[in-house]
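# Analysis of the macromolecular model
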Amino acid sequence: MPEAQLDQWVRELLAAYELNDTEIDIDQVLSLAGVAAHTIVRPAAPLTTYVAGYVAGLAVGSGRAGMKPAMESADSLARTVLAARPASTDDA
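This text gives an overview of the structure that appears in the document. (Residues numbered from 1 in each chain as written. Predicted model: local features only at pLDDT ≥ 70, side-chain atom pairs only at ≥ 80, totals over all residues. Heavy atoms only, no water.)

What follows concerns the layout of surface pockets. To find the voids left in a structure, one rolls a probe of water-molecule size over its atoms. Counted as a void, the largest pocket has a volume near 1,200 Å³. The wall of the largest pocket is formed by 32 residues, among which I24, V29, T49, G53 and M71 lie closest to the centre. Going through the elements one at a time, α1 (3-16), α2 (26-39), α3 (44-61) and α4 (67-83) are the ones with two or more residues in the lining of the largest pocket. No other element matches α3, which puts nine residues into the lining of the largest pocket. (1 Å grid on protein atoms, 1.4 Å probe; cavity = no way out; pocket = protein on both sides within 12 Å on 5 of 7 lines; lining within 4 Å. Points joined across faces, edges and corners; volume = space filled by probe spheres on them. Helix = DSSP H or I, 4+ residues; strand = E, 2+ residues; numbered from the N terminus.)

Structure, rendered in C-alpha cells:
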C-alpha cells in the first residue's frame, strides 16, 4: 500500500474513533512490526504493535504520560524485549 494510502487510512481510522488530533508515526509503527516479525514470527507484528499502542493509550488515558512520550516509551520497551530474544528462523 503506497504511503499516501496509508496516511489516508490512518486519518480515516482516527476520525472514526474521534481522535482527529492524534498523530501516528506510521514509519515507527511499521518498523516495530518489522522487528517483531523477524524476531518472533510474522504474526507477532500486529500483536506487538497492538499491545504497544494499547499500553501507550492506557498511559495517556490515565494521565501518566503525554501522547508522544507514551508512544515512544511503549515502542522502546517493545524493542528492548524483542532485542533480548534470539532472532527467529521460522517465517510462519
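Glancing now at the packing of α2 against α3. Direction vectors running N to C along α2 and α3 enclose 130°, while the axes themselves pass 7 Å from each other. It follows that α2 is oblique to α3 by the angle criterion. Crossing hand, α2 versus α3: right-handed. Here V29, L32, A33, A36 and A37 of α2 come into contact with α3, specifically with A44, A45, T48, T49 and A52. Here the residues of the contact of α2 with α3 are counted per class, giving eight nonpolar, two polar and no charged. (Axes fitted to C-alpha atoms, helices over the stretch in contact; angles between N-to-C directions. Parallel < 35°, antiparallel > 145°, perpendicular 65-115°, else oblique. Left-handed = near helix turned anticlockwise from the far one by under 90°. Contact = heavy atoms within 4.5 Å. Nonpolar A, V, L, I, M, F, W, Y, C, P; charged D, E, K, R; others polar.)

By size, the foremost hydrophobic cluster in this structure holds ten residues: L32, A36, A44, A52, A56, A59, A70, A74, A78 and L82. Within the residue set of this core, elements represented by two or more residues are α2, α3 and α4. Other than its neighbours up to four places away in sequence, A52 contacts L32 and A74. (Core = buried A, V, L, I, M, F, W, Y, C linked by side-chain atoms within 4.5 Å. Buried < 20%, exposed > 50% of the residue type's maximum accessible area, 1.4 Å probe, protein only.)

Okay, the pattern of salt bridges next. Note on pairing: side chains with opposite charge can pair once their charged atoms come close. In total, this model carries two salt bridges according to the counting rule given. When the shortest N-O distance is used, the salt bridge between E72 and K68 registers 3.9 Å. Residue E72 and its partner K68 are located together in helix α4, separated by four residues, close to a single helical turn. The class for K68 is exposed, based on a relative accessible area of 58%. (Salt bridge = Lys/Arg side-chain N within 4 Å of Asp/Glu carboxyl O.)

Moving on, we come to the side chain of T22. By the secondary structure assignment, T22 is in the loop between α1 and α2. In this structure, T22 is in contact with L14 and M67, ignoring residues within four places of it in sequence.

The values reported here are purely geometric and, on their own, carry no functional implication.
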